[in-house]
Amino acid sequence: MANYVEITNTVADVTGWPVNTTRYLRYTSGTCQEQEALIRAMWSAGQYAQVVAMTTLVRPDADSNKRWSERGCSNSDVITDWQPDTVNYPPDGYVENDTPPPSGGSSAGFDTTYAFSLSGSDAGGRAFVSVPAPKVLPIAQAKPRPTGNSYLFPVQTALNTVLHKRHPPFTTHPKKVLIYPGRLYTDPDANDLIGRGWTHTSESAKQEDVNGPYPSQFKRALEMPNYPAAQQAASMIGPSDPRYQQLMDWATQKILITDESACQLYAQFFWQTFRQADWWGGGVEFFSVNQEVFTPRPNTGVGDYAQWYRQVGWLSQGIINAAAADGFSIKTCLTDHGNLCTVGPYFHDDTAAGVAVDPDPTIPRYMHFSTIDEPFRGSSQTAPLGENSVLASLVKQGKAYVGVGSYQQHTWDNQSLFQKNPDGSYKVENGELVWRTDRRMTTIASQSCQLYEDDTRIAMLKIYGRFARYTANMWFRAGCKHLPWSDDRQAGWEGMLGQSSQFRVDGESESGLSAGFTQEQIQEINRRPLNPDWTEAIGMADYLFTDYLRGWMQTQFPTALGAAVTNDSTSRASLEIYQKAFQRASQLNWINDTRWQLVQPKFFIFKQGSQGPADPFEAFYRKPIIVGGLATYQGEITLWLYGWWPCQDVDKTTTVTVWADVGGIQSPSYPIQLVGRTAFLDHWALPSAVQGIKPEHLYFQFVDFLGQKHTWRGDYRLARITNHPTPPNPA
């Protein structure tokens, strides 16, 4: 049984929700006034389309005169007019089925007894959104929940506001390093972030007295170029030392250092910077050398790129050694040279048939060892990783993280990514959907921004490319083994740490850069708020596939909650969304202790049209992201599964039917729902009868945006199915 607010639209507008149409929304508790405020907050955050069926909703302006009427209830009354689910809904009614029960207790992996509320508003008068999240509990089940462990969580629409306590404390896996890049606030109790998805603070999160000691309750993970440390090292040795000039060249002109001993000395002063009270806090446990701005040193006989990664490697190794000499164990995440496989798999989306060494027409070229980043590149498909740099040695020795080094560069609101006909149907040309290419202003989480023509298809290349890198890195780490187990490693590289990933509070400038914009306009692109659904889904995937999650934002000085800020991103909604993502993914903490085999029905990037003709069956609107793992967990055959369709319209739902067939022995079918652009995540036990199951024995059947049926198997090497099997009866 669940409680619902009955909502009736009393004003006709452009949303497509006709006047006097009724909808039902699950609620937690409280008065009518509080629930109406919640509904309005969800509407303004662009989330309401997730709980309304068969409509296309557009966020109204603040003064659009949108109203709701409450039946049998005044603002001060506690809501009593509710209905149990599945009973007597009118034909146009719809109930979102992934929201946890509204009152105390637990059900289906959720405990809703956690309470939090905070009144207040930002400088513009927008009220804090303080609706709490439920506790997400470990769960044992014989079938998935229809929408997995998704739950309704209204986006924060107050600007410059992060309410960490909207989430109850939850346990992240000890392997996970989750680095908070946001602001520390001056308000009492506003910085209770450790244990709510975050383990360390970054250099972005400044203390109130920037010259005073950093708060000791925060352990640190710091990234910096630290040019002053080079000058300090030079000053100590003086001009008579041959290392002096190279150190000064770097400190003053950014000319790369090619003397290893100079870098080792520089590293000692780099480490001493971390030891300063204004940086140390509860201890600097992780660091990154970020030196993206440089000039190669001429006439060295060493290539420009090699000069760069040699300096970063020498410094990283030297800092680790200096810390060890002081009795501290410290590790590095490679943010410069942070990618193992190529950063842009979409530039290598053809097959590896034409490469010189170990050609392979069955894989995309980005899965060929020749595309691995130079510092880590081996010599063949059987030995794709090579220890040919200090950086590679640090990775091999388990002293450095490397993985997926890039940010979200695109954003979007709740409108469709595709062009539509006047009747609302998809525009189709030559049998294919047509991506939108218009530029327009929009508002995301109360922050205005412009959308560009490359925020649709190019955004999908980047998103699917991120998943291609997670799995290509697994492939390379395993010595180019198809569908590897989570602990498979190339011989000699067994000591590697988990993958790394990077994220931002806002978007990195990429869209619109070809338009000849001024630097000021580019900075505005560099501050765009992130799409909430994309952010949640990417945060979940980062947690599942990587261990070092480094957040970044420009330096954030303390303010009061909601205070006005200038020359800065104003929305902080993404930080609460990342917390939600980490919480949801932490329900699968067990996959970090239990080996599992990759389930991957499709290459995420393959024949997209960047290098040769595009394959229409690889189009993103025919290819949801589905990935997971098979394991033996608590004595049972277990499938964990992640699903996401980032270009699906927010008011659409795709049902994916999953089942196993091992030599004619079938499991029941398990329908899961990809709702809008919300990511699905769950795990469940399969019947013991499917012993010996492999990824190839799993089936995934769904219908795409144009009504075409697809049936995939859990191994990307298998041929496309054209004679679609009938799924078994559902569990």
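Calculation criteria
- Residues numbered from 1 in each chain as written.
- Predicted model: local features only at pLDDT ≥ 70, side-chain atom pairs only at ≥ 80, totals over all residues.
- Heavy atoms only, no water.
- Helix = DSSP H or I, 4+ residues; strand = E, 2+ residues; numbered from the N terminus.
- Buried < 20%, exposed > 50% of the residue type's maximum accessible area, 1.4 Å probe, protein only.
- Contact = heavy atoms within 4.5 Å.
- Areas by Shrake-Rupley, 256 points an atom, 1.4 Å probe, with all protein chains shown as cover.
- Core = buried A, V, L, I, M, F, W, Y, C linked by side-chain atoms within 4.5 Å.
- Lys, Arg positive; Asp, Glu negative; His and termini not counted.
- Salt bridge = Lys/Arg side-chain N within 4 Å of Asp/Glu carboxyl O.
- Polar contact = N/O pair within 3.5 Å; in protein donor to acceptor, adjacent residues only side chain to side chain.
- Expected span 1.5 Å × (residues − 1).
- Phe/Tyr/Trp six-rings, centres within 6.5 Å; stacked < 30°, edge-to-face > 60°.
- Lys NZ or Arg CZ within 6 Å of the ring centre and 35° of its normal.
- Axes fitted to C-alpha atoms, helices over the stretch in contact; angles between N-to-C directions.
- Parallel < 35°, antiparallel > 145°, perpendicular 65-115°, else oblique.
- Left-handed = near helix turned anticlockwise from the far one by under 90°.
- Arc of directions from axis to C-beta.
- Nonpolar A, V, L, I, M, F, W, Y, C, P; charged D, E, K, R; others polar.
- Pairing = 2+ DSSP bridges.

Caption draft 1: Fine view of the overall build of the protein. Helix and strand counts for the protein stand at 11 helices and 29 strands. Residues classed as buried in the protein amount to 61% of the 731 residues present. For the protein, contacts bridging at least 24 residues in sequence account for 71% of all contacts bridging at least 6. Split by element, the accessible area of the protein, about 27,200 Å² in all, is 50% carbon and sulfur.

Caption draft 2: Region of the structure containing the nonpolar core. Membership of the largest hydrophobic core comes to 170 residues, with the highest contact counts inside it found for Leu247, Met460, Phe582, Trp640, Tyr642 and Trp644. Ranked by residue count, the leading element in this core is helix H8 (residues 457-477), at 12 residues. The residues contacting Trp644, other than those within four sequence positions of it, are Ile463, Phe467, Asp533, Trp534, Ala537, Ile538, Pro624, Ile625, Leu674, Arg677, Thr678 and Ala679.

Caption draft 3: Broad picture of the environment of Pro613. Secondary-structure assignment places Pro613 in the loop between strand S21 (596-599) and strand S22 (625-633). Looking at Pro613, the relative accessible area reads 74%, which means it is exposed. Distance from Pro613 to Asp350, taken between C-alpha atoms, is 9.0 Å for residues 263 residues apart in sequence.

Caption draft 4: Up close: the side chain of Asp360. Position of Asp360 among the secondary structure elements: in strand S13 (residues 360-364). The buried charged residue Asp360 lacks any salt bridge partner; its closest oppositely charged side chain belongs to Arg717, at an N-O distance of 9.0 Å. Of note is the side chain of Asp360, whose polar atom sits 2.6 Å from the side chain of Thr362. When residues no more than four places from it in sequence are discounted, the contact partners of Asp360 are Thr351, Ala352 and Ala353.

Caption draft 5: Looking closely at H8. Taking 1.5 Å as the rise per residue, H8 with 21 residues should run 30 Å; its terminal C-alpha atoms sit 30 Å apart, in good agreement. A large share of H8 lies buried, amounting to 19 of its 21 residues.

Caption draft 6: Highlighting the packing of aromatic side chains. Counted under the stated rule, the structure contains 49 aromatic pairs. In textbook terms, an aromatic cluster arises when at least three aromatic residues are bridged by ring pairs, as seen for Phe418, Tyr426, Trp435, Tyr621, Trp645, Phe702, Phe705 and Trp712. Over the face of the ring belonging to Tyr227 we find Lys254, whose NZ or CZ atom lies 4.3 Å from the ring centre. The ring of Tyr407 has Arg504 lying over it, and the distance from NZ or CZ to the ring centre is 5.6 Å.

Caption draft 7: Fine view of the environment of Ser379. Its location among the elements puts Ser379 in the loop between S13 and helix H7 (390-396). Taking C-alpha positions, Ser379 is 8.5 Å from Val357, a pair spaced 22 residues apart along the chain. Excluding residues that lie within four positions of it along the chain, Ser379 makes contacts with Val357 and Phe369.

Caption draft 8: Spotlight on the packing of helix H10 (residues 532-545) against helix H11 (residues 573-586). Where H10 meets H11, the closest approach of the two axes is 8 Å, and the angle between their N-to-C directions is 45°. If you check the angle between H10 and H11, you find them oblique. As for the relative orientation of H10 and H11, their crossing is right-handed in sense. Contacts between H10 and H11 involve Pro532, Thr535, Glu536, Gly539, Met540, Tyr543 and Leu544 from the first element and Ser574, Ile577, Tyr578, Lys580, Ala581, Phe582, Arg584, Ala585 and Ser586 from the second.

Caption draft 9: Looking closely at the side chain of Gln648. Mapped onto the secondary structure, Gln648 falls in the loop between strand S23 (636-644) and strand S24 (653-662). The buried category is assigned to Gln648, whose relative accessible area is 1%. In terms of polar contacts, Gln648 uses its side chain to reach the side chain of Thr654, at 2.5 Å. In this structure the side chain of Gln648 is engaged in a polar contact, spanning 2.8 Å, whose partner is the backbone oxygen of Gly676.

Caption draft 10: Main features of the pattern of salt bridges. Taken as a whole, this structure holds 33 salt bridges when the rule is applied. In this structure, Arg297 and Asp249 form a salt bridge, with 3.2 Å as the shortest nitrogen-oxygen distance. Of the two residues, Arg297 is situated in the loop between strand S10 (284-289) and helix H6 (304-325) and Asp249 in helix H3 (residues 244-253); the sequence distance between them amounts to 48 residues. Judged on exposure class, the residue Arg297 and its partner Asp249 are both buried.

Caption draft 11: Geometry of helix H2 (residues 227-237). Restricting attention to buried positions, one finds in H2 the residues Tyr227, Ala229, Ala230, Ala233, Ala234 and Ile237. Across the axial projection of H2, the buried residues extend over an arc of 160°, all falling on one side. H2 presents Pro228, Ser235 and Met236 as exposed residues on the side facing more than 90 degrees away from its buried surface. If you check the start of H2, you find a side-chain oxygen 3.3 Å away from the backbone N of Ala229, and it comes from Asn226. One or two positions beyond H2, positive phi appears at Gly238, with a value near 80°.

Caption draft 12: Quick look at the packing of H2 against helix H4 (residues 260-275). Packing of H2 against H4 brings their axes to within 8 Å, and their N-to-C directions diverge by 120°. Considering the angle they form, H2 stands oblique to H4. Every pair of crossing elements has a handedness; the one defined by H2 and H4 is right-handed. For the pair formed by H2 and H4, the contact residues are Tyr227, Ala229, Ala230, Gln232, Ala233, Met236 and Ile237 on the first element and Leu265, Tyr266, Phe269, Phe270 and Thr273 on the second. Residues belonging to the contact of H2 with H4 are distributed by class as follows: 10 nonpolar, 2 polar and no charged.

Caption draft 13: Layout of the pairing of strand S17 (residues 440-444). Residues Arg440, Thr442 and Ile444 point to one face of S17 and are all buried, whereas Met441 and Thr443, pointing to the other face, are not buried. Of the pairings in the sheet, the one linking S17 to strand S18 (residues 447-451) comprises 5 bridges and is antiparallel in character. In the strand pairing of S18, Arg440 is matched with Leu451. As consecutive antiparallel partners, S17 and S18 are separated by 2 residues, and within that stretch Ala445 has a phi angle of approximately 50°, a positive value.

Caption draft 14: The arrangement of unusual backbone geometry in detail. Backbone geometry at Asn226 places phi at a positive 55°, although glycine is not the residue there. With respect to the helices, strands and loops of the structure, Asn226 is situated in the loop between strand S9 (220-224) and H2. At Ser446, a residue that is not glycine, the phi angle is positive and equals roughly 75°. Looking at the secondary structure, you find Ser446 in the loop between S17 and S18. Ser446 gets classed as partly exposed once you look at its relative accessible area, which sits at 22%.

Caption draft 15: Just the sheet that holds S21, in detail. An order of S21-S22-S23-S27 is seen for the 4 strands of this open sheet, with the pairing classed as antiparallel. Bordering the open sheet on either side are S21 and strand S27 (680-685), each of which pairs with just one other strand. On average, each strand axis in the sheet is inclined to that of its neighbour by 15°, with strand direction left out of account. Relative to S27, S23 runs antiparallel, the two being bridged by 6 bridges. Paired with Trp640 across the two strands is His683, which belongs to S27. The strands touched by H10 within the sheet are S21, S22, S23 and S27, with S23 carrying the most contacts at an inclination of about 145°.

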